[in-house]
Amino acid sequence: MSYCKDCGREIDWMQTAEGRYIPVDPDPEFVIEGDGDESFYTEEEGILTGRRATPEEVQTREAKINTPLGFVPHWRTCPCRGEFRQKGG
Ligand SMILES: [Zn+2]
């Protein structure tokens, strides 16, 4: 476990298919794929594109099984994200 240099929150590092390491929040979120343009990172399936599910959308056990989990890049949640320098979008 490491900590964000800017805000001090816990972060994890995840390796992308290209071999790049990106900082992510430690707790994965349920992702509604194909509805939105945010990127979520998974170990098995690479990058999912969609949006974060609301709690109402994953209330049932079945919904939890069928909804993929993805990690949110920390720069999207970092309160100091203005300091983050992203290269190449
Ligand atoms: Zn941060």
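Just above sits the structure.
Throughout this document, residue positions are counted from 1 along each chain, in the order its sequence is written. Since the coordinates come from a predicted model, pLDDT governs what is reported: local features require at least 70, and pairs of side-chain atoms require 80 or more to be given and counted, while whole-chain, interface and lining totals use all residues. Only hydrogens and water are set aside when side-chain values are computed; all heavy atoms of the structure are taken into account.

*Asks:* Would you mind showing me how to read the sheet that holds strand β6 (residues 69–70) here?
*Replies:* In any sheet, the strands associate via hydrogen bonds between backbone groups, in a parallel or an antiparallel arrangement. Pairing between strands is defined by DSSP: at least two bridges between them are needed. Only DSSP runs of H or I reaching four residues or more are called helices, and only runs of E reaching two or more are called strands; each is numbered from the N terminus. Strand order in the open sheet made by the three strands is β5-β4-β6, with antiparallel pairing throughout. Every other strand in the sheet has two partners, leaving β5 (46–52) and β6 as the edge strands with one partner each. Pairing of strand β4 (residues 29–42) with β5, which is carried by eight bridges, proceeds in the antiparallel orientation. By the bridge assignment for β5, Thr 42 is matched with Gly 46.

*Asks:* Which parts of the structure should I look at to understand the nonpolar core?
*Replies:* Side chains of a nonpolar character, in soluble globular proteins, are inclined to be buried together. Here, nonpolar core means buried Ala, Val, Leu, Ile, Met, Phe, Trp, Tyr and Cys residues that are tied together by side-chain atoms lying within 4.5 Å of each other. Only protein chains enter the accessibility calculation, which uses a 1.4 Å probe; a residue is then buried when its area is under 20% of its type maximum, exposed when over 50%, and partly exposed in between. Ranked by size, the top nonpolar core spans six residues in total: Met 14, Ile 22, Val 24, Tyr 41, Phe 71 and Trp 75. Whether two residues touch is decided by their heavy atoms; if any such pair falls within 4.5 Å, the residues are in contact. Look past the residues within four positions of Met 14 in its chain and what remains in contact with it is Arg 20, Tyr 21, Ile 22, Val 24, Tyr 41, Thr 42, Glu 43 and Phe 71.

*Asks:* Where do I start with the coordination of the zinc ion in this structure?
*Replies:* Ideal values differ by geometry: the angle at a metal is 109.5 degrees with four tetrahedral donors, but 90 or 180 degrees with six octahedral donors. Here the zinc ion is held by the protein donor atoms Cys 4 (SG), Cys 7 (SG), His 74 (NE2) and Cys 78 (SG), which lie 2.1 to 2.4 Å from it. Every donor counted, the four donor atoms about the zinc ion form angles of 103 to 121 degrees at the centre, which fits tetrahedral coordination. By relative accessible area, His 74 is classed as buried at 0%. Coordination partners: N, O, S within 2.8 Å of the metal, 3.2 Å for Na, K and Ca; water not considered, so apparent gaps in a site are possible. All geometry calls rest on donor angles, where a four-donor set with angles between 85 and 135 degrees is tetrahedral, four- and six-donor sets with opposite donors more than 155 degrees apart and all others between 65 and 115 are square planar and octahedral, and all else is irregular.

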